[in-house]
Amino acid sequence: MNSDRKLRSEPEVAAMLKTLEGRHDLFSFAVEGISLWRLLRFEVAWQLQNLGLSRIALDRAALLRSVPRAVAQYLQAPRGFRYLGKTSNSGLRGLDERGYFDIYFDDLIDGLDGGAKLSSIDASGYDANERGAYRKAAFDDTAIIIASALLGRPGPAKARRPVFTELSAIIESELDLPEITAAHIARKYNVFIVRRALYRRVLKRLGARSVIAANTGQFALSMAARDVGIPFVEMQHGLFTSNHPDCLPDYALQSSAEIMLPDMLTVYGDYAASLIDDTAIARVGRVRPVGSPTIEKARILRQKSFRANRQRPVITLTAQGLGDRKTAEFVASFLQLNAGDLTLNIRLHPGYDSRGDFETSGILSDRRVRMMPGQSTPATHDVIALSDIHLSVFSTCHYDALGIGTPTMVIPGAGFEAVADLYEQGHAHMLKSPEELAEIVARGQWMDVSEATSHHFFHPGFLDNMRTLLDELHVAESGPR
């Protein structure tokens, strides 16, 4: 966090970016046809939001170990995969009798033959999960990320190209972001070029027919897939609205530069699709609701194993790493007001460490409180599935809880307006105070989630939906392009 900058919401930043884009046609700033602004847009938005989230430092030794592993995998990996799922080690958050599994792709690979994973290191604390994973990645692309970061360092001459200087000057003067220098933009572009070339070699070596990524921003991988003539699918990850910096406005389609849209964006359900119906990806007809394997499994778990208990409720709070001190204070007040028999699970974020916020609040001394690290088991969605109530500020777990069938409530904290649609439409309860939460819990008066609501947020039949989609894409791929 930069203390000299204000904290901004995602909608505020989206409005700022659209104003600037309208004034300067930023998507047209390109090198060799690639829109530089597309590469920068998320980073610029992140700086403007100034959230102050701090990721847990990555293990340098683990990063270095990934390099020889990737070389061996490149030489020895089998060929001819129907699809490759791009994930990361923090995805290894599920656990069953076989071991740890990736919450984004292992269920898909279990049910749909011909798949494998590309996986990179993006979080610390998952060493045990990786050792105990029942399915290893076909290729560890951490090595690609490291190599491109090193090889993509531009020389001074490249950094002085006029387009880099001009774009940097606009960003600094109008958004007050002096850290986005010409050299920084040049390096961003050069890293992209090197990374694209390396991914292209890997995709050719593995012989994949398509690539599916579990997050936004995989520009080098998406363009590498295009280079080798295979479809690239992006899966919704968390809350994805027209305000998300990687969800481009429809006017970006007017740019002559390459803006790197995926061949298809899969979203959770009709609700998610409605949030982006006026954006570039929707305008070109590349949005498909398919559901989520994680939510589908958690939904089944709740139906089979959960028994509501309004006299002794289980409440799960999902922390976010941002503003958790105030969240902890809210929860501490609630616990003081309600001395009843309950269980409060506090699930920390898997990438942002806010344990100290809850420790200093004193609530960990309450016998009813259970602290759960982000990478611990059972998985977050399983914990929510077996809970009477879910709590958070503006976590995407609000939407997940609704898809699972667990009632969700919004704690009034910084950024809670991001989920205003949920409580304004009556899907979630907006809490006014700890006193209100204490009264609701004491009386056992919280609303249930209907099946229709659950399916509106997350379509059922994930495997069948993905099978149909891949069949369609592969038929299109085999035809004229």
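One can find the structure itself at the top, above this paragraph.
Parameters and conventions
- Residues numbered from 1 in each chain as written.
- Predicted model: local features only at pLDDT ≥ 70, side-chain atom pairs only at ≥ 80, totals over all residues.
- Heavy atoms only, no water.
- Buried < 20%, exposed > 50% of the residue type's maximum accessible area, 1.4 Å probe, protein only.
- Helix = DSSP H or I, 4+ residues; strand = E, 2+ residues; numbered from the N terminus.
- Pairing = 2+ DSSP bridges.
- Contact = heavy atoms within 4.5 Å.
- Axes fitted to C-alpha atoms, helices over the stretch in contact; angles between N-to-C directions.
- Salt bridge = Lys/Arg side-chain N within 4 Å of Asp/Glu carboxyl O.
- Phe/Tyr/Trp six-rings, centres within 6.5 Å; stacked < 30°, edge-to-face > 60°.
- Parallel < 35°, antiparallel > 145°, perpendicular 65-115°, else oblique.
- Left-handed = near helix turned anticlockwise from the far one by under 90°.
- Nonpolar A, V, L, I, M, F, W, Y, C, P; charged D, E, K, R; others polar.
- Core = buried A, V, L, I, M, F, W, Y, C linked by side-chain atoms within 4.5 Å.
- Patch = residues over 30% accessible without salt bridge, like charges linked within 9 Å, V, L, I, M, F, W, Y side chains within 5 Å.
- Areas by Shrake-Rupley, 256 points an atom, 1.4 Å probe, with all protein chains shown as cover.

A.B. asks: Explanation requested: the pairing of strand S10 (residues 264-267) in the structure shown.
C.D. replies: Both faces of the sheet carry side chains from a regular strand, because those side chains alternate between them. Side chains Met264 and Thr266 of S10 all project onto a buried face; the interleaved residues Leu265 and Val267 project onto the opposite face, where all are buried too. As judged from the 3 bridges shared by strand S9 (residues 232-235) and S10, these two strands associate in the parallel manner. Bridge pairing in S10 links methionine 235 to threonine 266. Sheet analysis places S10 next to strand S11 (residues 287-289), joined by 3 bridges and oriented parallel. Residue pairing across strands places valine 267 opposite proline 289, the latter belonging to S11.

A.B. asks: Teacher, can you tell me more about the sheet that holds strand S15 (residues 389-392) here?
C.D. replies: Within the open sheet, the 6 strands sit side by side as S14-S13-S12-S15-S16-S17. Their pairing is parallel. Unpaired on one side and paired on the other, strand S14 (369-372) and strand S17 (429-430) mark the two borders of the sheet. As defined by bridge partners, strand S13 (residues 343-347) adjoins S14 across 4 bridges and the pair is classed as parallel. For isoleucine 346, the partnering residue across the bridge sits in S14 and is methionine 371. With respect to the sheet, helix H14 (residues 324-337) is in contact with strand S12 (314-318), S13 and S14, its orientation differing from that of S12 by roughly 165°.

A.B. asks: Help me understand the pattern of salt bridges in this model?
C.D. replies: Should the charged atoms of two oppositely charged side chains come close, the side chains can pair. Per the stated rule, a full pass over the model turns up 24 salt bridges. Residue aspartate 107 is joined to lysine 297 by a salt bridge in which the shortest nitrogen-to-oxygen separation is 3.2 Å. Of the two residues, aspartate 107 sits in helix H4 (residues 106-111) while lysine 297 sits in helix H13 (residues 293-305), which places them 190 residues apart along the sequence. Given a relative accessible area of 12%, aspartate 107 falls into the buried group. The exposure class assigned to lysine 297 is partly exposed, which follows from its relative accessible area of 35%. Residue arginine 325 is joined to glutamate 329 by a salt bridge in which the shortest nitrogen-to-oxygen separation is 3.0 Å. On the criterion of helical spacing, the pair formed by arginine 325 and glutamate 329 is a turn pair, its members being 4 residues apart in helix H14. Among the charged side chains, a salt-bridge network with shared partners connects Asp96, Arg98, Asp106, Asp110, Lys117 and Arg135.

A.B. asks: Any chance you could explain the environment of alanine 72 here in plain terms?
C.D. replies: One can find alanine 72 in helix H3 (residues 60-76). Spatially, the C-alpha atom of alanine 72 lies 9.1 Å from that of phenylalanine 139, the residues being 67 residues apart in sequence.

A.B. asks: In this structure, what is going on with the packing of aromatic side chains? I would like to understand it.
C.D. replies: This model, assessed by the stated rule, comprises 9 aromatic pairs. Residues tyrosine 189 and phenylalanine 192 carry aromatic rings whose centres are separated by 6.5 Å and whose planes lie at 40° to one another, so their mutual orientation is tilted. Placement of both tyrosine 189 and phenylalanine 192 in helix H9 (residues 182-206) is noted, with a separation of 3 residues, approximately one turn of the helix. Each member of the pair, tyrosine 189 as well as phenylalanine 192, is classed as buried. Taken together, a centroid distance of 6.2 Å and an interplanar angle of 55° make the contact between tyrosine 399 and phenylalanine 457 tilted. Linking tyrosine 399 in helix H17 (residues 397-404) with phenylalanine 457 in helix H20 (residues 451-457), this pair joins segments that are 58 residues apart in sequence. Grouping residues by exposure puts tyrosine 399 and phenylalanine 457 together as buried.

A.B. asks: Honestly, the packing of helix H1 (residues 10-24) against helix H2 (residues 36-49) in this entry has me stumped. Any pointers?
C.D. replies: Axis separation between H1 and H2 bottoms out at 10 Å; the angle between their running directions is 135°. Relative to H2, the element H1 lies oblique. Note that H1 runs across H2; the crossing there is right-handed. For the pair H1 and H2, the contacting residues are Glu10, Val13, Met16, Leu17, Lys18 and Glu21 in the first and Trp37, Arg41, Val44, Ala45, Leu48 and Gln49 in the second. The residue inventory of the contact of H1 with H2, partitioned by class, reads 7 nonpolar, 1 polar and 4 charged.

A.B. asks: Got a minute to help me understand the nonpolar core in this structure?
C.D. replies: A general tendency of soluble globular proteins is for nonpolar side chains to be buried together. The biggest cluster of nonpolar side chains holds 67 residues, and the ones touching the most others in it are Trp37, Val44, Phe164, Leu167 and Ile171. No other element matches the 9 residues that H9 contributes to this core. For leucine 167, the residues in contact, after removing those within four places along its chain, are Leu26, Phe29, Leu36, Trp37, Leu40 and Ile185.

A.B. asks: For this particular structure, what's the right way to read H17?
C.D. replies: Spacing of three or four residues puts side chains on the same side of an α-helix, whose turn is 3.6 residues. Counting buried positions over the 8 residues of H17 gives 8, a clear majority of the element. Taken as a whole, H17 has its buried residues at Cys397, His398, Tyr399, Asp400, Ala401, Leu402, Gly403 and Ile404. Count one or two residues on from H17 and you reach glycine 405, which has phi positive near 110°.

A.B. asks: Any chance you could explain helix H10 (residues 219-227) here in plain terms?
C.D. replies: For H10, the buried fraction is high: 7 of the 9 residues fall into the buried class. Residues Phe219, Ala220, Leu221, Ser222, Met223, Ala224 and Ala225 constitute the buried set of H10. Glycine 229 occupies a position one or two residues after H10 and carries a positive phi of about 80°.

A.B. asks: Would you explain a nonpolar patch on the surface in this entry?
C.D. replies: The grouping of Val67, Val71 and Leu75 at the surface amounts to a nonpolar patch, some 260 Å² of accessible area in total. Take leucine 75: it is sitting in helix H3.

A.B. asks: In this structure, what is going on with the packing of H2 against H9? I would like to understand it.
C.D. replies: How two helices sit against one another is set out by the angle between their axes and by the gap between those axes. Between H2 and H9, whose axes approach to 10 Å, the crossing angle comes to 110°. As the angle between them shows, H2 and H9 are arranged roughly perpendicular. Residues Leu36, Leu39, Leu40 and Glu43 of H2 form the contact with H9, whose own contacting residues are His184, Ile185, Lys188, Tyr189 and Phe192. Taken together, the residues of the contact of H2 with H9 break down into 6 nonpolar, 1 polar and 2 charged.

This is a description of form; function is not addressed.
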